[in-house]
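# Residue-level structure breakdown
Listed below are the residues making up each chain.
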Amino acid sequence: MDIGINESNRKQVADKLQKLLADEHVLYIKTRNYHWNLRAANFAELHEFYEEQYGELEEAIDEVAERIRMIGFLSIGRMSEYLKLTELEEGKELTDAGEQVANLKKDHESIIKYLRKCIGDFEDLEDMGSADFVTALMQQHEKMRWMLESFLPK
Ligand SMILES: [Fe+2]
């Protein structure tokens, strides 16, 4: 393929996106787990809120995987590889709403910091399309993080 970025640069971008794909999967599963096993006074509200969030993560997962394909590589699609690549921890089972929300917020913060670094890295690798892509995704995670934080006491 010839889209004006050499193969070595495309590969470096793709590898960073694979790690992101792994993190997004872990966060997706965790959010879904909490949606199921939540115990809270405001159960209905938070149950639905988690559903919106994992729906958004599911779309993000698809976009990350397809971005990797667009720059010329196969996307990782196996759980065993995600678990090796991710920096997020699945942790123990949580049912308490406050603990769940705090845990999810922390994971979004990890992803935001990772994405912020990716923006500069992708620019250095001359892949402005991927830099733009991760910039938008970072903003999406910033919004999700803020919404989670709004459920926590000040
Ligand atoms: Fe459900």
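Residues numbered from 1 in each chain as written. Predicted model: local features only at pLDDT ≥ 70, side-chain atom pairs only at ≥ 80, totals over all residues.

### Overview of the overall build of the protein
The test is simple: In this text, helices come from DSSP runs of H or I with a minimum length of four residues, and strands from runs of E with a minimum of two, each type numbered from the N-terminal end. With C-beta atoms placed from the backbone, the exposure class of a residue follows from how many other C-beta atoms lie within 10 Å of its own: 20 or more, buried; 12 or fewer, exposed; in between, partly exposed.
Assigned secondary structure in the protein consists of 5 helices and 0 strands. Expressed along its principal axes, the backbone C-alpha trace of the protein runs to roughly 55 × 30 × 20 Å. Taken over 154 residues, the protein has a buried fraction of 32%.

### Considering helix α4 (residues 97–124)
This is how it is decided: In a helix, the anticipated span is given by 1.5 Å times the number of residues less one.
For α4, built from 28 residues, the straight-helix expectation of 40 Å at 1.5 Å per residue is met to within 8% by its first-to-last C-alpha distance of 41 Å. For α4, the complete set of buried residues consists of A97, Q100, V101, L104, D107, H108, I111, L115, C118 and F122. Of the residues one or two after α4, E126 is the one with positive phi, at around 65 degrees.

### Here's the deal with the environment of N37
Applicable threshold: Throughout, a pair of residues is in contact if the C-beta atoms placed from their backbones lie within 7 Å.
Following the sequence through the fold, N37 ends up in helix α1 (residues 7–37). Once the C-alpha coordinates of N37 and M128 are considered, the two residues, 91 residues apart in sequence, prove to be 41 Å apart. Contacts of N37, omitting those with residues within four sequence positions, involve E93 and T95.

### What about unusual backbone geometry?
The backbone phi angle of E126 is positive, close to 65 degrees, even though this residue is not glycine. Mapped onto the elements of the fold, E126 is located in the loop between α4 and α5 (128–149). According to the C-beta neighbour criterion, E126 is partly exposed, with 14 such atoms within 10 Å.

### Observations regarding the packing of α1 against helix α2 (residues 43–70)
The geometry of a pair of packed helices is captured by two quantities: the angle between their axes and the separation between those axes. The condition that has to hold: Axes here refer to lines fitted to C-alpha atoms; in helices the fit is confined to the stretch in contact. Angles between the N-to-C directions go from 0 to 180 degrees. Each angle receives one of four descriptions, namely roughly parallel if under 35 degrees, roughly antiparallel if over 145, roughly perpendicular if within 65 to 115, and oblique otherwise. Left-handed describes a crossing whose near helix is turned anticlockwise from the far helix through less than a right angle; right-handed describes the clockwise counterpart. Each residue is assigned to one class: nonpolar for Ala, Val, Leu, Ile, Met, Phe, Trp, Tyr, Cys and Pro, charged for Asp, Glu, Lys and Arg, and polar for all the others, Gly among them.
Relative to each other, α1 and α2 sit at 160 degrees, their axes nearing to 9 Å. With respect to each other, α1 and α2 are oriented roughly antiparallel. Helix-helix and strand crossings are classified by hand; for α1 and α2 the assignment is left-handed. Of the residues that constitute the contact of α1 with α2, the class distribution is 15 nonpolar, 6 polar and 5 charged.

### Thoughts on the environment of R39
Its place among the elements puts R39 in the loop between α1 and α2. A C-alpha to C-alpha distance of 5.5 Å links R39 and T95, two positions 56 residues apart in sequence.

### Some thoughts on the nonpolar core
We apply this condition: Note on definitions: a nonpolar core is a set of buried residues drawn from Ala, Val, Leu, Ile, Met, Phe, Trp, Tyr and Cys, linked by C-beta atoms within 7 Å.
In terms of nonpolar packing, the biggest core is built from 24 residues, with L17, L21, V64 and V134 touching the most fellow members. At the level of secondary structure, the elements contributing two or more residues to this core comprise α1, α2, α4 and α5. The contact partners of L21, leaving out residues within four places of it in the chain, are I61, V64, A65, S75 and I76. Residues Y34, Y50, A97 and V101 belong to the second largest nonpolar core, which totals 8 residues.

### Comments concerning the packing of α4 against α5
Put simply, α4 and α5 touch, their axes get as near as 8 Å, and they point 160 degrees apart. As the angle between them shows, α4 and α5 are arranged roughly antiparallel. By crossing handedness, the relation of α4 to α5 is classed as left-handed. Of the residues that constitute the contact of α4 with α5, the class distribution is 15 nonpolar, 4 polar and 7 charged.

### Quick word on the environment of E142
When you line up the elements, E142 lands in helix α5. A count of 16 C-beta atoms within 10 Å places E142 in the partly exposed class. Spatially, the C-alpha atoms of E142 and E52 are 15 Å apart, while their sequence positions differ by 90 residues.

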